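Chain by chain, the residues:
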Amino acid sequence: MINFKAPELSDRTAATKAVADSGYTGSDASFANIFLLRQKYGTQIALQDGFLFRYYNGVGSRRGYAFPLGEGDAAAALALIIEGARESGRPLEFCLVDEPRAQILREYFNTNRVVETDGTSGKECAEPLLRFEENRGDSDYIYSAESLATLAGNQYKKKRNHVSRFNRTYSDYEIRPLTPENFADALTVEKSWLNIETLGESSDTDCECTCECREAAWAERSEDEKSRLSEYCAIREALENFDALGLKGAVLYVEGKPVGMTMASEILPGVWDIHFEKVIDEYAVNGGYAIINKLFAERLVAAGAKFINREEDINIEGLRKAKLSYYPQTILDKTHVTSHLDLHCHPREGGDLPD
């Protein structure tokens, strides 16, 4: 039985170890994302038998069990998920599954070769047990950290031009580490970027409604308002728990004014995930994103980063174009896996999983 619960800050050490043991570099496994987005996706986790188990109670590709991450008997971990799904009445579906783990699922369920639940008749089910559906918008863009820090090579000529434009336009600028002394500056950038003041109410109250699920007030919001306030709430909570979440960040200043901010955390040793990156107003148009991207990548490289995950594009064409323009080393595709048979059949016993 899997004892799911809401993620807590105290879970970070064990969860991060399980992810590191698995070698999985997806942004969904970053503990900061698991914690900060727990309400948005109704996330529950369990840490047992050396594995991190996750269940997402969202919609679409954010619904279902994540593949168990850890070092140990994956078949036993999957058996626990199947047992738990049967007992809870949840559909057996897996979300955000990369190809190596999708292959493990194929091997485990031995698609097209399943027997009935009672195991007595030996009757085989006619349909494949699993269906795989890929959503390109869930794919993570993973880059060489050194490439983002240096922008060396012909492919980065346009990015270097953007950096040069910023340098020509603003002579008095600097990037400072994100610390408690400038948390308020980072939040100022976020409020400006979200245009949150147009919502007409105290941002503190709005965030409280979002985070504490005061549904009556929340239901009155438009979808755009909900999206903006959810992001603001996540960033404010990230700042409140900055060290506990293992975050690093930076604020970009021009003539002493905060105009950009970014935050990241380490998914596993040497692999960093960029959670937030914002530049406001004219500074964005004049190369601000290229500057903050490069300067923060330099800091991450100095901290030992080998790879930087800049997360998914959520099927936004402009965002996809921007992420591709930095030439990812890997695009980590993820699949939603569902069972046609809703636990009426078991995988055959026996057979080893691939290493």
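Residues numbered from 1 in each chain as written. Predicted model: local features only at pLDDT ≥ 70, side-chain atom pairs only at ≥ 80, totals over all residues. Heavy atoms only, no water.

Draft legend 1. Representation of the pattern of salt bridges within the structure. Evaluated as defined, the whole model comprises 20 salt bridges. With a shortest N-O distance of 3.1 Å, Glu 190 and Lys 278 are connected by a salt bridge. Residue Glu 190 is found in helix H7 (residues 183–194), and its partner Lys 278 is found in strand S12 (residues 271–279); the two are separated by 88 residues along the sequence. With relative accessibility at 0%, the residue Glu 190 sits in the buried group. When its relative accessible area of 6% is taken as the criterion, Lys 278 is described as buried. (Salt bridge = Lys/Arg side-chain N within 4 Å of Asp/Glu carboxyl O. Helix = DSSP H or I, 4+ residues; strand = E, 2+ residues; numbered from the N terminus. Buried < 20%, exposed > 50% of the residue type's maximum accessible area, 1.4 Å probe, protein only.)

Draft legend 2. Layout of the environment of Ala 20. Along the polypeptide, Ala 20 turns up in helix H1 (residues 12–22). With 51 residues separating them along the chain, Ala 20 and Glu 71 place their C-alpha atoms 8.9 Å apart.

Draft legend 3. Region of the structure containing the pairing of strand S5 (residues 93–97). Counting buried residues along S5, 5 of its 5 residues qualify, which places the element largely inside the surrounding structure. As defined by bridge partners, S5 adjoins strand S15 (residues 335–339) across 3 bridges and the pair is classed as antiparallel. Its bridge partner lying in S15, Val 97 is registered against Thr 335. (Pairing = 2+ DSSP bridges.)

Draft legend 4. Here's a closer look at the nonpolar core. Core analysis: the biggest nonpolar cluster contains 75 residues, and Leu 178, Leu 239, Met 263, Phe 276 and Tyr 283 have the highest contact counts within it. The element contributing the most residues to this core is helix H11 (residues 281–302), with 8 residues. Not counting chain neighbours up to four residues away, the residues in contact with Leu 178 comprise Phe 183, Ala 186, Leu 239, Phe 242, Gly 249, Ala 250, Val 251, Thr 262 and Met 263. Ala 77, Phe 94, Ile 104 and Leu 130 belong to the second-largest nonpolar core, a separate cluster that totals 24 residues. (Core = buried A, V, L, I, M, F, W, Y, C linked by side-chain atoms within 4.5 Å. Contact = heavy atoms within 4.5 Å.)

Draft legend 5. Geometry of the sheet that holds strand S11 (residues 257–268). Pairing is mixed across the open sheet formed by 7 strands, whose spatial order is S9-S10-S11-S12-S13-S8-S14. With one partner strand each, in any of the chains shown, strand S9 (173–177) and strand S14 (330–332) form the two edges of the open sheet. The sheet shows a mean angle of 25° between the axes of neighbouring strands, direction not considered. With 5 bridges joining them, S9 and strand S10 (residues 247–254) adopt antiparallel strand pairing. By the bridge assignment, Pro 177 is partnered in S10 with Ala 250. Sheet strands touched by helix H12 (residues 317–324): strand S8 (140–144) and S14. Its angle to S8, the strand with the most contacts, is close to 20°. (Axes fitted to C-alpha atoms, helices over the stretch in contact; angles between N-to-C directions.)

Draft legend 6. Structural context of the confidence of the model for the protein. Averaged over every residue, the pLDDT of the protein is 87; residues scoring 70 or more account for 82%. For residues 112–122, every residue scores under 50 in pLDDT, and the model assigns this stretch 26 contacts once sequence neighbours within four places are set aside. The low-confidence segment residues 208–214, where pLDDT is below 50, has 11 contacts with residues more than four positions distant or belonging to other chains. (pLDDT = per-residue confidence, 0-100.)

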